[in-house]
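Understanding the architecture of this molecule
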Amino acid sequence: MLAIATIVVVSMMIVTGMGLTYLLERNIERREGQELDAHLQQIIGGLRFQPDGTVKLSRDLTDPRFGKVFGGLYYQVTTLDGEVILKSRSLWDTVLDLPEDTVDPGQVHVHTRPGPNNSTLLLHESRILVVERGQELSLLVTVGIDKTEIMALKAGFARDLIPALALLAVALLLGFTFQIGVGIRPLDRLRKGVADVKSGTARRLPTNAPSEVGPLIEELNSLLDQQDESMVRARDRAADLAHGLKTPLTALATDIARLRAIGADDIADDIDELSSRMRRHLDRELARARDRHGRAHARTAAKTAIDSIIRTLAKTPKGEKLQFQNMVPEWVELAVDQGDFLEVAGNLLENACKFANETISVECGVRDGWASIIVSDDGPGVSASLISYIAQRGVRLDTVESGSGLGLAIVKDIVDAYGGQLRLENRTGGGLTAAVAFPAATSMNSKKDP
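Now for a look at the structure at hand. Here the residue index of a chain counts from 1 through its sequence in written order. Residues qualify for local features only when their pLDDT is at least 70, as the model is predicted, and side-chain atom pairs are given and counted only at 80 or more; totals for whole chains, interfaces and linings, by contrast, use all residues. The basis for every side-chain value is the complete set of heavy atoms in the structure, and neither hydrogens nor water enter the calculation.

What to know about the overall build of the protein
- Helix and strand counts for the protein stand at 8 helices and 14 strands.
- Buried, partly exposed and exposed residues are distinguished by accessible area as a fraction of the type maximum, computed with a 1.4 Å probe on protein chains only: under 20%, between the cut-offs, and over 50%, respectively. Burial analysis of the protein (450 residues in total) assigns 39% to the buried set.
- For this analysis, residues touch if any pair of their heavy atoms sits within 4.5 Å. Contacts in the protein between residues at least 24 apart in sequence constitute 59% of all its contacts with a sequence separation of at least 6.
- By element, 56% of the accessible surface of the protein is carried by carbon and sulfur atoms, the whole surface being about 25700 Å². Helix and strand assignments follow DSSP, with helices taken as H or I runs no shorter than four residues and strands as E runs no shorter than two, numbered in order from the N terminus. The Shrake-Rupley method, run with a 1.4 Å probe sphere, supplies the accessible areas, and residue values consider only the shown protein chains as cover.

Put into structure tokens, the structure is as follows:
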């Protein structure tokens, strides 16, 4: 918009400058024309025929340019045949180049013709009738002025006009800049509103906007309403699917126990493995089906949620032998649904329990509106090729070997849904570090990781 305004303003300044210069030239020529008419009348009134038949002026002309050679102001008197019978001293040895036209008595014709010294003249000519010795005689009286003076005035006016128009253009552009800034400010508020909805800090876009933006906000809020309804239906269908599949899986567990009781351990193990795989896939798809966008004012206290997971893991046979260090500050609050965060943190801590030797630590850093939850263990770590593989976007993590796949797949799905990132790195000296980034709550955005 500013570029278009600049083009329009510059174009209008150019057109305005050319127009004003043209009007100035026209007015100068009109003023010079009035002066030429005055000289013309003065010359006509002063013509006198001498006894010898020559023509002279009865009085000297007041403008000294007539008497200066090539002084810029000229006159001549000719017959209709073109014979020059009187001319100003300023013409010296030249004559005025008159066009071939018919001038009625009393009329004044205006012409632009070449003049002495390669000049351009503005000419006014008039035809008069005089009676000499009983005979009627027609004479053409012509007065001309050098247009160089007019062009000099025009050039000087243009030089003075350019700075004025430049200042006017700058003032207009500043006004347009202010106008555009005020005009697009509602769009900036709309952008911030969309960002708030995306991060979960707001449920809908604010409706206190100018009438020009109001219909757009109404349509977007309507779209968010439809999205919420779709998500609710999707969660309901996912719940129905889970209920429909978990009951047969539970019954299948009973059949597995019966097979073990009759000694068919191989068949029981195969069915148990398939059942476990189906249950893991079911858990992953249920996690995917959750609504992780647009949950109004979703907040999770990170330290409290992690403490609850640690208490549960500490009761497991492997967890009883490990030392858990939760170093997440009390004030860290995430703009994340609590169930989603528990799913992520639980999978990361559970994976760390599988491979840790003695210690599992959880840290947190907050910067630029994002909070990183970092889970580290002192286990053997993961091969560099495997880390590179599971970090690739779009890779199905559940195809990786046992012990590192499906839990991380669910973590990656949830983190991606919030616009975050999962990062895995081997620690120096042994162990694995898993870091996930989540949007921090608005009240924490001003805090930085020390």
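Digging into unusual backbone geometry
- The phi angle at Phe70 is positive, at roughly 50°, despite the residue not being glycine.
- A positive phi angle, near 55°, is found at Trp92, a position not held by glycine.
- With respect to the helices, strands and loops of the structure, Trp92 is situated in the loop between β4 (84-87) and β5 (108-115).
- Judged by relative accessible area, which is 49%, Trp92 ranks as partly exposed.

Let's talk about helix α6 (residues 338-355)
- How far a helix is expected to stretch is found by multiplying one less than its residue total by 1.5 Å. Here α6 spans 26 Å end to end across 18 residues, near enough to the 26 Å set by a 1.5 Å rise per residue.
- Turning to α6, its buried residues are Asp340, Phe341, Val344, Ala345, Gly346, Asn347, Leu348, Leu349, Asn351, Ala352 and Cys353.
- Each polar contact in these results corresponds to two N or O atoms within 3.5 Å; when the atoms are within protein, one needs to be able to donate a hydrogen and the other to accept it, and residues that are neighboring in sequence are counted only if both atoms are side-chain atoms. The N-cap residue of α6 is Asp337: its side-chain oxygen and the backbone nitrogen of Gly339 are 3.0 Å apart.

What to know about the side chain of Asp63
- Mapped onto the elements of the fold, Asp63 is located in the loop between β2 (55-57) and β3 (73-79).
- In this structure Asp63 comes out as buried when scored by relative accessible area, which is 13%.
- Among the polar contacts made by the side chain of Asp63, one reaches the side chain of Arg65 at a distance of 2.9 Å.
- Every residue in contact with Asp63, bar those within four places of it in the chain, is listed here: Glu35, His39 and Leu73.

Examining the packing of aromatic side chains
- Each aromatic pair joins two rings of Phe, Tyr and Trp (for Trp, the six-membered one) with centres within 6.5 Å, and gets the label stacked for planes under 30 degrees apart, edge-to-face for over 60, and tilted for any other angle. Inspection of every chain in the model, using the stated rule, returns 3 aromatic pairs.
- Measuring from centroid to centroid gives 6.1 Å for Phe341 and Phe438, while their planes differ by 70°, and the two rings are edge-to-face. Here Phe341 is found in helix α6, whereas its partner Phe438 is found in strand β14 (residues 432-439), with 97 residues between them in sequence. Comparing Phe341 with Phe438, the two get one shared label, buried.
- Both rings, one in Tyr418 and one in Phe438, keep their centres 5.8 Å apart while their planes meet at 80°; by these two values the pair is edge-to-face. A residue pair is termed long-range when its members are at least 10 positions apart, and Tyr418 in the loop between α8 (406-417) and β13 (422-426) and Phe438 in strand β14 qualify at 20 residues. Here Tyr418 and Phe438 have matching classes, each one buried.
- Site record: aromatic cluster; members linked through ring pairs are Phe341, Tyr418 and Phe438.

A look at the nonpolar core
- We call a set of buried residues a nonpolar core when its members are Ala, Val, Leu, Ile, Met, Phe, Trp, Tyr or Cys and they connect through side-chain atoms within 4.5 Å of each other. Formed by 41 residues in total, the largest nonpolar core has its most connected members in Leu334, Phe341, Leu349, Ile360, Ile373, Val436 and Phe438.
- Elements supplying a minimum of two residues to this core: α5 (302-313), α6, β11 (359-367), β12 (370-377), α8, β13 and β14.
- Per-element tally for this core: the top contributor is α6, with 7 residues.
- Those residues in contact with Leu349, other than ones at most four positions away along the chain, are Ile306, Ile309, Ile310, Leu313, Ile360, Val362 and Val375.
- Counting 18 residues, the second largest nonpolar core, distinct from the first, contains Leu47, Leu61, Leu86 and Ile128.

Concerning the packing of α5 against α6
- Each axis is a line fitted through C-alpha atoms, taken for helices only over the stretch in contact, and angles between the N-to-C directions span 0 to 180 degrees. Interaxial distance between α5 and α6 falls to 10 Å at its minimum, and their mutual angle equals 45°. As summarised for this structure, α5 and α6 are arranged oblique, according to the angle between their axes. The handedness of the crossing between α5 and α6 comes out as right-handed. Facing α5, whose interface residues are Ala302, Ala305, Ile306, Ser308, Ile309, Ile310 and Leu313, α6 presents Phe341, Leu342, Ala345, Gly346, Leu349, Glu350 and Cys353.
- In this classification, Asp, Glu, Lys and Arg are treated as charged, Ala, Val, Leu, Ile, Met, Phe, Trp, Tyr, Cys and Pro as nonpolar, and every other residue, Gly included, as polar. For the contact of α5 with α6, the residue count by class is 11 nonpolar, 2 polar and 1 charged. Here the angle decides the label: under 35 degrees means roughly parallel, over 145 means roughly antiparallel, 65 to 115 means roughly perpendicular, and every other value means oblique. In this scheme the crossing of two helices becomes right-handed for a clockwise turn of the near helix relative to the far one and left-handed for an anticlockwise turn of less than a right angle.

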